[in-house]
Amino acid sequence: MKRIAFIHIIPFLAALAVGFIVYQSLLNTDFINSSVKVDVQFDAEQPCEMQIFQEDDKQFSDDFKEKAKLNDPVKNYTLTFDLPVVKKPGRLRIDPGFTRGKWIFKKITLRGLSNNIKFDANSIYEKFKPAKDVKTYRLDNEGVYLESEGSDPNIISTFSLDDYMDDLNAKPFIYVLPFLLALCLAVFMFYIIRKKLSPLVDTEIKATHLFVLIFIFILVLPFLWMNLFPITSSSSGENRKLNEKPVFNFDKIMEYPKLFNHYFDDNFGFRKELSTLNSYYKLKIFQTSSKPDVVVVGKKSWLFSSDPAVITGYQNDKLFTDDELKIIRHNLEEAFDWHATKKADFFVIILPAKSNIYPEYLPECFQRKSGNSKLLQLRDYMEKNSGVKIIDVTNELLAAKKRVEVYYQHDFHWNFQGGYIGYEKLMGAINKGNPKLKANPINNYWTVYRHNHNADLSKILSLENILLNDEWHLEHPLKPLYKKVTPPEYESVVAIQPTVHSQIKNKKLPKAVVYRDSFFSLMYPFFADHFSDAIYIWTNELSVEVIEKEKPDIVVYEMLESSIDKLLEDNPVGMRK
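This is a predicted model, so every value here is computed, not measured.

Caption draft 1: How the structure looks around the packing of helix α9 (residues 322–341) against helix α11 (residues 374–385). Taken N-terminus to C-terminus, the directions of α9 and α11 make an angle of 65°; their axes are 11 Å apart at the nearest point. The chirality of how α9 crosses α11 is right-handed. Of the residues in α11, those touching α9 at Leu 325, Lys 326, Ile 328, Arg 329, Leu 332 and Glu 333 are Gln 377, Leu 378, Tyr 381, Met 382 and Asn 385. Of the residues that constitute the contact of α9 with α11, the class distribution is 6 nonpolar, 2 polar and 3 charged.

As structure tokens, then:
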């Protein structure tokens, strides 16, 4: 049995492992086509910049394009582009260049992983139609002749790439060249290892040999695991897309080690399990964080963000100067007056940071230098010096925390209890000018206790299954009055997250626009019940376009205390006096 193991089994398994690793590695090089490509064969009578756009969800975007610049006229020239990866593949757009000129398209090939789809001149003329700045578009003997009449000519396919994706993404059962190279190396390794192990047939196997084998197995296991059972973005527990394995390209050989290192860091075998174990023991034994540059552990295992942008808010070590307070007052009064000309009531609500409601749980490293904060300072200043008031819920939250938790222990945000208190205070301010708009009593909602695996700070430490968000949810007893509908789009607005749009059939109710952040997500289930139409835009940037397009009755500008310096910036052009 020992002879069989050393002469046959061990060399075979080692050679099999080496062959598998080499084969998988070769699949990630430019030995094979690992992405869908587009080949365009054409003539160009002038220098140009050829571009390929991939439509995503019925729109073309610069985010999904590939381009190549030609400095001279060309004949029978073929350009190869990687097809941009999109969620909802649509049509293909080809832009010959940012210049007037003449081109002849001879062949377009969609080159898949194992199948190709070819369009000759006749098919190009039939399947691609001119869309912009095209003077002449005709089929002739050489191909499809295109002459531009503007600076941005382009043609767009009449078909959707989604119709071909199954064929283009179909992988062959085996890639012949990588398989043959891996097989040759495996045979070579089998021969070498067998020859090296032959003298050990008569050697006594000791415990030290087994320990060495076990140690080697432990070292190799994560590498095998990451190839056999790759981590996905959903299973990683992170709110981001993991780095993908880069394709080795000899033209970009200097960039490959850095790209592979990013991939390796994200996809190392048992990464999440090891991270959870490390974080758990650091928390339980040392009451500290495994990632102190992102999350810190406070008293009684309360977690706080250690983002430099919010740490100064914990310590209250930098308050506004008198000049800064005057600038903010000017900006808010200017925004208030402009919205008034648009017949919209303008409300500013600034939410206190978790550290100012639960300062007793802050770690000792964050020594608070003042009981005052920028929010309280600005609120009091505006109260004394301006007709524009800051809606602040600090006192209400401090009073409520004596009976219920209003912020998550292991999360950056407040909970539904805190969200309801913020909603109640906001509706109280709106009610002064709109008597019919009153906050719904809290006993109108069911309270349901839940354990949620959605605590953002504990998720960073890979402890989301251990440090949960335990909370009382406030839920509608029946279906909510509002329903979500497709949100509008705006040219000038850059939203951090998708815009939310709610509607109620009662058209007698006013219309609202809310500039918000993540905290308002726990307010709008209550807030939406009062408005026939409400649009929630995740941004701190006020917008002239939005107000002029939507013509709301109520405008709410909500932000977190850590973003309060944003108020020092000028209002948008068109809103300034």
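Caption draft 2: The arrangement of the nonpolar core in detail. In this structure, Trp 414, Leu 426, Ile 430, Phe 520, Phe 527 and Tyr 536 are the most contacted members of the largest nonpolar core, which totals 49 residues. The set of elements that each furnish at least two residues to this core consists of β14 (345–351), α12 (394–400), α13 (416–431), β20 (511–516), α15 (524–527), β21 (533–538) and β22 (554–560). In terms of residues, this core owes the most to one element, α13, which gives 7 residues. Those residues within four positions of Leu 426 in sequence are excluded, and the remaining contacts are Phe 347, Ile 349, Ile 391, Phe 520, Met 523, Phe 527 and Val 556. Core analysis: the second largest hydrophobic core is formed by 35 residues, Val 74, Leu 83, Ile 117 and Phe 128 among them.

Caption draft 3: Main features of the packing of aromatic side chains. Within this structure, the stated rule accounts for 32 aromatic pairs. With a centroid separation of 5.6 Å and 15° between ring planes, the pair formed by Tyr 125 and Tyr 137 is classed as stacked. Taken together, the residues span a long stretch of sequence, with Tyr 125 in helix α2 (residues 121–127) and Tyr 137 in strand β9 (residues 134–139) at a distance of 12 residues. The partly exposed category is assigned to Tyr 125, whose relative accessible area is 32%. Tyr 137 gets classed as buried once you look at its relative accessible area, which sits at 14%. Ring geometry for Tyr 445 versus Phe 526: centroids 5.1 Å apart, planes at 80°, classification edge-to-face. With Tyr 445 in the loop between α13 and β16 (446–452) and Phe 526 in helix α15, the pair connects residues that are 81 residues apart, well separated along the chain. We note that Tyr 445, like Phe 526, is buried. Taken together, the ring pairs in this structure connect Trp 302, Tyr 358, Tyr 361, Tyr 407, Phe 412, Trp 414 and Phe 519 into an aromatic cluster. The ring of Phe 53 has Arg 93 lying over it, and the distance from NZ or CZ to the ring centre is 4.0 Å. Across the ring face of Tyr 125, the terminal group of Lys 129 is positioned such that the distance to the ring centre comes to 5.3 Å.

Caption draft 4: Region of the structure containing α11. Helix length check: α11, at 12 residues, gives a terminal C-alpha distance of 16 Å against a target of 16 Å (1.5 Å per residue), a fit within 8%. Those residues of α11 that are buried lie in contact with α9, β14, β15 (390–391) and α12.

Caption draft 5: Representation of unusual backbone geometry in the model. The phi angle at Asn 76 is positive, at roughly 50°, despite the residue not being glycine. In this structure, Asn 76 sits in strand β4 (residues 74–82). You can call Asn 76 partly exposed: its relative accessible area is 44%.

Caption draft 6: View of the sheet that holds β21. Read from one edge to the other, the open sheet built from 7 strands follows the order β15-β14-β22-β20-β21-β19-β18, with strand pairing classed as mixed. Single-partner strands in this sheet number two, and they are β15 and β18 (483–485). Pairing geometry for β20 and β21, over 6 bridges, is parallel. Within β21, the residue paired with Val 513 across the bridge is Ile 535. Its contacts with the sheet put α9 on β14, β15 and β22, and the angle it makes with β14 is roughly 145°. Packed on one face of the sheet, α13 meets β14, β15 and β22 and runs near 155° to β14.

Caption draft 7: Broad picture of the sheet that holds strand β11 (residues 154–157). On the basis of which strands lie adjacent, the open sheet formed by 5 strands has the order β3-β2-β5-β11-β8 and antiparallel pairing. Each having just a single partner strand, β3 (65–70) and β8 (128–132) make up the two edges of the open sheet. Taken over all neighbouring pairs, the strand axes of this sheet differ in orientation by 20° on average, direction set aside. For β8 and β11, the ladder comprises 4 bridges, and the chain directions are antiparallel. In the sheet register, Lys 129 faces β11, and the bridge partner there is Ile 156.

Caption draft 8: Representation of α13 in the model. Its 16 residues give α13 an end-to-end C-alpha distance of 22 Å, which sits within 8% of 22 Å, the value for a rise of 1.5 Å per residue. All of the buried residues along α13 are Phe 416, Gln 417, Gly 418, Gly 419, Tyr 420, Ile 421, Gly 422, Tyr 423, Leu 426, Met 427 and Ile 430. You can read the cap of α13 off the contacts: a side-chain oxygen lies 3.0 Å from the backbone nitrogen of Gln 417, and it is on Asn 415.

Caption draft 9: View of the pattern of salt bridges. Summed over the entire model, instances satisfying the criterion amount to 18 salt bridges. One salt bridge in this structure joins Asp 43 and Lys 75, with 3.5 Å as the shortest N-O distance. Of this pair, Asp 43 sits in strand β1 (residues 37–44) while Lys 75 sits in strand β4, and the two are 32 residues apart along the sequence. For Asp 43, a relative accessible area of 6% corresponds to the buried category. In this structure, Arg 379 engages Asp 380 in a salt bridge whose closest nitrogen and oxygen atoms are separated by 3.2 Å. One continuous salt-bridge network, built from bridges that share partners, spans Asp 43, Lys 75, Lys 106 and Glu 142.

Caption draft 10: View of the pairing of β1. Burial of β1 is extensive: 7 of the 8 residues sit out of reach of the surface. Pairing between β1 and strand β6 (residues 102–111): 8 bridges, direction antiparallel. Along β6, the bridge assignment pairs Lys 37 with Arg 111.

Conventions used here
- The numbering scheme is per chain: residues are counted from 1 as the chain's sequence reads.
- Residues qualify for local features only when their pLDDT is at least 70, as the model is predicted, and side-chain atom pairs are given and counted only at 80 or more; totals for whole chains, interfaces and linings, by contrast, use all residues.
- Neither water nor hydrogens contribute to the side-chain values; these are computed over all heavy atoms in the structure.
- As a rule, the C-alpha atoms of each element are fitted with a line to give its axis, helices using only the stretch in contact, and angles between N-to-C directions run from 0 to 180 degrees.
- Counting from the N terminus, the helices are DSSP H or I runs at least four residues long and the strands are E runs at least two residues long.
- For any pair of crossing helices, the crossing counts as left-handed if the nearer helix is rotated counterclockwise from the farther one by less than a right angle, and right-handed if it is rotated clockwise.
- We call two residues contacting when some pair of their heavy atoms lies within 4.5 Å.
- Classes in brief: Ala, Val, Leu, Ile, Met, Phe, Trp, Tyr, Cys and Pro nonpolar; Asp, Glu, Lys and Arg charged; the others, Gly included, polar.
- Joining through side-chain atoms within 4.5 Å is the link that ties buried Ala, Val, Leu, Ile, Met, Phe, Trp, Tyr and Cys residues into a set, and such a set is a nonpolar core.
- Burial classes: relative accessible area under 20% of the type maximum marks a residue as buried, over 50% as exposed, and values in between as partly exposed (1.4 Å probe, protein chains only).
- Planes of paired rings set the category: under 30 degrees apart is stacked, over 60 is edge-to-face and the rest tilted, where pairs are Phe, Tyr or Trp rings (Trp by its six-membered ring) whose centres lie within 6.5 Å.
- By the criterion adopted, a ring carries a charge over it if an Arg CZ or a Lys NZ lies within 6 Å of its centre and within 35 degrees of its normal.
- A helix's residues, less one, multiplied by 1.5 Å, set its expected span.
- Should DSSP find at least two bridges between two strands, the strands are regarded as paired.
- By the criterion applied in these results, polar contacts are pairs of N or O atoms within 3.5 Å in which, for protein atoms, one can donate a hydrogen and the other can accept it, and in which residues neighboring in sequence qualify only through two side-chain atoms.
- What counts as a salt bridge is simple: a side-chain nitrogen of Lys or Arg found within 4 Å of a carboxyl oxygen of Asp or Glu.

In short, shape yes, function no, at least from these values alone.
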